[in-house]
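Given next are the chains, with one letter for each unit.
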Amino acid sequence: MDFYYFCVTFANSKQKTMKAYDIYVFDLDGTLLDTLDDLTNSVNAALEHAALPVHTREEIRSFVGNGVRLLIERSVPGGATHPLFDQVFDFFRQHYLEHGADNTRPYPGIMSLLTMLKERGKKIVVVSNKFYDATRSLCRNYFGDLIDVAVGEREGIRKKPAPDLVNEAFRELGVTRDEALSAVYIGDSDVDIETARNSGLPCISVLWGFRDRDFLLVHGATTFVCSPQEILE
C-alpha cells in the first residue's frame, strides 16, 4: 500500500475513534527529535578514536532504541567483550554531550503539537533510554517549558521496556495511578510498544521515526499516526 494512501485511509477510518487523553508520554529519539545524524556522528567519532571500523547512518538506525550501552555494544566488533569497549563507550558519552544538538531537530509538526497540547491543559512527559543528562539537556534546549517532566536512563531505574521510567515520570509529575489511567504512550519502536504494554498504557506508534510500519506491526503495534497533527484529532 502506498504510504500516503495508507496515512489518508488511516486518518479517515480512525478519526471518530481516537480518544482524548490528559497525559501524553512521549519517547524522545525518533518520536519528538530526529537525533540520528548526531548519534551516528558520535558513535563513529568514538570508533575512529579507537581505530575501529565505523558504521553507516542506516546501520546506526537499526542499533538504536535500547539505550546507549546497547548502541555501543552493537557498534563495536564483539560488543562488550572487546578490550576497547569501555574506551569507546566513555568517548561516545562525552562526545554526544558536547555534540548531541549539532544536527538534531524536532520532526515537522512536533512543536505545534506540543504547543497545542499545552494550550489544552494536557501534561507532557518524556521517557527515554538516552542517558539522563542528555535527555534533560535536549528537552530543555528544544522544548523549554512545553515538557513537564523528562526522565532518562540513570542508575537505579531500569530502562525501557521496563515500566520504571514511566512510573518515575508519573511520580515526578505528581499524579496518582488512577490519574495515570488517562495517559497515552507515544513512540516509534518495538521497545515503545513493550514499554506501553508493561506500563498498562495504550500505545500510539508514529511512522516518521526509526522503524517502519511493517516492523511495528510484527511487534504488536495497533494504532498508527503518520503526522503529529493526527495525535490531536
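Located above this text is the structure these notes cover.
Computed from a predicted model, the values in this text were never measured in an experiment.

Observations concerning the pattern of salt bridges
Within the structure shown, the criterion is met by 13 salt bridges. Note that aspartate 22 is salt-bridged to lysine 122, the shortest N-O span being 3.8 Å. Taken together, the residues aspartate 22 in the loop between helix H1 (3-14) and strand E1 (23-26) and lysine 122 in the loop between helix H6 (110-119) and strand E4 (123-131) connect sequence positions 100 residues apart. Residue lysine 118 pairs with aspartate 148 through a salt bridge whose shortest N-O separation is 2.9 Å. Here lysine 118 is found in helix H6, whereas its partner aspartate 148 is found in the loop between helix H7 (132-143) and strand E5 (149-153), with 30 residues between them in sequence. Given a relative accessible area of 25%, lysine 118 falls into the partly exposed group. One network of salt bridges, in which partners are shared, links Asp37, Arg57, Glu58 and Arg61.

Remarks on the packing of helix H4 (residues 68-75) against helix H5 (residues 85-99)
Contact geometry of H4 with H5 gives a least axis separation of 10 Å together with a crossing angle of 125°. By the angle class used here, H4 and H5 are oblique. The handedness of the crossing between H4 and H5 is right-handed. Every residue of H5 that contacts H4 at Val68, Arg69, Leu71, Ile72 and Glu73 is listed here: Phe85, Val88, Phe89, Phe92 and Arg93. Residue composition of the contact of H4 with H5, grouped by class: 7 nonpolar, no polar and 3 charged.

Considering the packing of helix H2 (residues 36-49) against H4
The description of two packed helices rests on the angle between their axes and on the distance between the axes. For the pair H2 and H4, the least separation of the axes is 11 Å and the interaxial angle reads 55°. With respect to H4, the element H2 is oriented oblique. Handedness of the H2/H4 crossing: right-handed. Each of Leu39, Val43 and Leu47 in H2 lies in contact with H4, whose residues at this interface are Leu71, Ile72 and Ser75. Split by residue class, the contact of H2 with H4 holds 5 nonpolar, 1 polar and no charged.

Definitions and cut-offs
- Residues numbered from 1 in each chain as written.
- Predicted model: local features only at pLDDT ≥ 70, side-chain atom pairs only at ≥ 80, totals over all residues.
- Heavy atoms only, no water.
- Salt bridge = Lys/Arg side-chain N within 4 Å of Asp/Glu carboxyl O.
- Helix = DSSP H or I, 4+ residues; strand = E, 2+ residues; numbered from the N terminus.
- Buried < 20%, exposed > 50% of the residue type's maximum accessible area, 1.4 Å probe, protein only.
- Axes fitted to C-alpha atoms, helices over the stretch in contact; angles between N-to-C directions.
- Parallel < 35°, antiparallel > 145°, perpendicular 65-115°, else oblique.
- Left-handed = near helix turned anticlockwise from the far one by under 90°.
- Contact = heavy atoms within 4.5 Å.
- Nonpolar A, V, L, I, M, F, W, Y, C, P; charged D, E, K, R; others polar.

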